[in-house]
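These are the residues of each chain, in order.
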Amino acid sequence: MNFSRLRIPRITFWRAVVAVFMILGVYALFVRYTRGLGASSHMTDLFPWGLWIGFDLLCGVGLAAGGFTICAAVYIFNVERFRPIIRPTILTSFLGYLLVITALLVDLGRPYRIWHALVMWNPHSVMFEVAWCVMLYTTVLALEFSPIVFEKFKLEGPLKIIHKISIPLVILGVILSTLHQSSLGSLYLIMPTKLHPLWYSPILPIFFFVSAVAVGLCMTIFESYLSNRAFKKKLEMDLLADLGKIAVVVLAVLLVLKVQDLQYRHVWRYLFQPTQEAFLYWIEVTMGIIVPMVLLMFRKVRYHSFGLFASALLVLLGFVMNRLNVSITGMTRGSMTTYFPSFLEIMVTVMIVSLGFVIFSQASRFFPIFADSKEPVGTASELPVPEADRSESFANRPSYARSRH
Amino acid sequence: MSKGLLIDITKCIGCRSCEAACKAQNKLPENNDPDLTATTYTKVMERGDRFVRKMCMHCQNPTCVSVCPVGALQKTNYGPVVYDESKCMGCRYCMAACPFQVPRYEWSSAFPRVRKCIMCKDRVAQGLQTACAEACPVGATTFGERDDLIHEAQDRIRQEPGKYVNQIYGFSEVGGTGVLFITDVPFEKLGFRTDLLKEPYPMLTWNVLSKIPNFVGVGATLLFGIWWITSRREEVKKEEAEALSKKDKH
């Protein structure tokens, strides 16, 4: 190792902030593992699932939905022009799932028994399905990410193998994702008398799936915009604007489903009661679905980098609000209690989120992630890979858009 | 042959012998927790001038058993809903899902367990009655075959129709529970949840879970099909382009 290349990192504002979050997070973990869940969280017997399930698990999995959405578009539907964003999206999803598992290890009462779900089966439990989906899909994501690692270390043998199985792998990933996103909604199907009627619906799994697709697209826009600012990469505006356009359609479907669901269950009256739930529902649907949907209908907004980013951000916030409403705010009245996360619970979550940002930025410096970075990546014309690999690789196939030019 | 308990609220005098017997039977520390806790499996709650025992309802088709991913909770064929702490990984889905909000957690332990009434499963397996039923001095808690207890409850209501509310709580709630209540004060005034569904809750998720194999089969076929069609389109395009460029050369 060349020690002369090791330098003390410069202290910048964000690095200082992240360092503080990490220290507080590690302290929170220390309290949690030495003194138990009771000392570190505000969870109670009447409210056993708090922020770690509501945000870290439900939102974490949802925000990682970009992976299967973009993979399906490129590999299954053959929309070649989305190929340049596959790598950052897979990285986001893979990281997302690893962080979800980290959060689960914090939240589980006996984390060292996490493997029990693999050997002690109960197919009647949605949690059983969730456990298997987390495990299998994380494996699929690792395999989908592996070509990037193999490429970096020039391991041509494994690269060839992974390219051969890429299509079945993507299909498996799409199916597992669909099951997993929807199963997080199914978790709450068994709580009809706890969850507020504005959110409890027999089609909760469908809501969770459709909103995950929307948020997967918007997460891709969000992360491309931020990477652009952080790494001075050029924005692929045409491509991102197209994602925005697809998001409009998905949000519209979600909205129609929501309206039909309220109608079908005859629960309109809850919308006009002066309750906290009604207030939150209105904000969730207007700010998180209707406003960004209308904004993204305009070409001007879609092709304006900040306009597109802001609309995507609204979708993300609306999504987070929806998951928190289902898991926390919509659940307190039916549980006849109140809940607000403890400082330590929030610190663990903040630490996990900042870990995500840090690992993403470090990984994208180390591995060939972005299409126009200095590392060899992206289109075949730039890539020093063997001939055989050019056709069927995760990121090496010549972009359809480019070949047309 | 499923055992259960019949609790007659009109008879309870609030002496809390059942609580004490439960603590002794399960070797739980003496304390005066105001509600169910990890060390209090049953609690006599004061509701106005009535006393209402709170405990696991031992559902006929228990929500907790269906949601437990590792099968740590089981409904025994003789009635009690029991817990195997060696399987539990602490996801607390049972607690989140229980419509009666009964299971408790050892929040301050580094190796926490779920705690709740297990209907004295060892005693019941030996043919004995539960400790609480044995301890009750006034017969407010009776142990027996669930079907017999339902007949007994119906008899009592029939004999004194002016006294009892004409309802057995637990007869049809969440598809039926092992613990049954009868009362002279309406259940909603005693803190009972009266908004519960009449069918077993596990069906709500099983209706979705049971369709997963179908979904996987159809989904995989469809996705492979779409891939096959779209990639073929690419090939056709390529061939057309080649044909075109050949023409240009001529």
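Residues numbered from 1 in each chain as written. Chains lettered and ligands numbered in written order. Predicted model: local features only at pLDDT ≥ 70, side-chain atom pairs only at ≥ 80, totals over all residues. Heavy atoms only, no water.

Counting secondary structure elements, chain B contains eight helices and nine strands. Over its C-alpha trace chain B gives a radius of gyration of 28 Å, far above what one expects of a compact globule, namely 18 Å for 250 residues. Oriented by its inertia axes, the alpha-carbon framework of chain B measures out at about 110 × 45 × 35 Å. Burial status across chain B gives 50% buried among its 250 residues. (Helix = DSSP H or I, 4+ residues; strand = E, 2+ residues; numbered from the N terminus. Rg over C-alpha atoms; globule rule 2.2 N^0.38 Å. Buried < 20%, exposed > 50% of the residue type's maximum accessible area, 1.4 Å probe, protein only.)

Residue and element names in this part refer to chain A. The grouping of Tyr33, Leu105, Ile114, Trp115, Leu118 and Val119 at the surface amounts to a nonpolar patch, some 510 Å² of accessible area in total. By the secondary structure assignment, valine 119 is in helix 5 (residues 116-119). The exposure class of valine 119 is exposed, given its relative accessible area of 54%. (Patch = residues over 30% accessible without salt bridge, like charges linked within 9 Å, V, L, I, M, F, W, Y side chains within 5 Å. Areas by Shrake-Rupley, 256 points an atom, 1.4 Å probe, with all protein chains shown as cover. Salt bridge = Lys/Arg side-chain N within 4 Å of Asp/Glu carboxyl O.)

This next bit is on the pattern of salt bridges. Enumeration over the complete set of coordinates arrives at 24 salt bridges over all chains. Residue aspartate 261 of chain A pairs with arginine 265 of chain A through a salt bridge whose shortest N-O separation is 2.9 Å. One exposure class covers both aspartate 261 of chain A and arginine 265 of chain A, and it is buried. For arginine 158 of chain B, the salt bridge identified is with aspartate 155 of chain B, shortest N-O distance 3.2 Å. On the criterion of helical spacing, the pair formed by arginine 158 of chain B and aspartate 155 of chain B is a turn pair, its members being three residues apart in helix 6 (residues 146-159). Take aspartate 155 of chain B: its relative accessible area is 32%, and that puts it in the partly exposed class. Through salt bridges with shared partners, a single ionic network connects Glu85, Glu106, Arg113 and Arg115 of chain B.

Attention now goes to helix 1 (residues 17-25) of chain B. Among the residues of helix 1 of chain B, those classed as buried are Cys18, Glu19, Ala21, Cys22 and Lys23 of chain B. Of the residues one or two after helix 1 of chain B, lysine 27 of chain B is the one with positive phi, at around 55°.

Here we take up the nonpolar core. Core analysis: the biggest nonpolar cluster contains 184 residues, and Trp49, Leu187 and Tyr188 of chain A together with Tyr93, Phe100 and Phe181 of chain B have the highest contact counts within it. At 15 residues, helix 9 (residues 204-231) of chain A tops the list of elements feeding residues into this core. Filtering out sequence-adjacent residues up to four positions away, phenylalanine 100 of chain B remains in contact with Met57, Cys59, Tyr169, Val174, Thr177 and Leu196 of chain B. Within the second largest apolar cluster, nine residues are counted, among which are Leu149, Tyr164, Ile168 and Leu180 of chain B. (Core = buried A, V, L, I, M, F, W, Y, C linked by side-chain atoms within 4.5 Å. Contact = heavy atoms within 4.5 Å.)

All names here are of chain B. Spatial ordering of the open sheet is given by 8-1-9, a layout of three strands whose pairing is mixed. Lying at the two open borders of the sheet, with one neighbouring strand each, are strand 8 (141-145) and strand 9 (179-182). For this sheet, the mean inter-axis angle between neighbouring strands, taken without regard to orientation, is 25°. Note that strand 1 (residues 3-8) and strand 9 share four bridges and pair parallel. Following the sheet pairing, isoleucine 7 is matched in strand 9 by phenylalanine 181. (Pairing = 2+ DSSP bridges. Axes fitted to C-alpha atoms, helices over the stretch in contact; angles between N-to-C directions.)

So, about the pairing of strand 1 of chain B. All names here are of chain B. Most of strand 1 is tucked away, with five of its six residues classed as buried. Of the pairings in the sheet, the one linking strand 1 to strand 8 comprises five bridges and is antiparallel in character. Directly across from lysine 3, in strand 8, lies its bridge partner glutamate 145.

The subject of this paragraph is the domain arrangement of chain B. Accessible area lost on assembly of the parts is the figure often given for the size of an interface. Domain annotation of chain B identifies domain 1 (3-202) and domain 2 (211-249). One C-alpha centre belongs to domain 1 of chain B, the other to domain 2 of chain B, and the line joining them spans 60 Å. (Domains from an automatic or database assignment.)

Let us look at the environment of glycine 62 of chain A. All names here are of chain A. Structurally, glycine 62 can be placed in helix 2 (residues 51-63). Taking the C-alpha atoms as reference points, glycine 62 and glutamate 223, 161 residues apart in sequence, are found 14 Å from one another. Every residue in contact with glycine 62, bar those within four places of it in the chain, is listed here: Gln181, Ala212, Val215 and Phe319.

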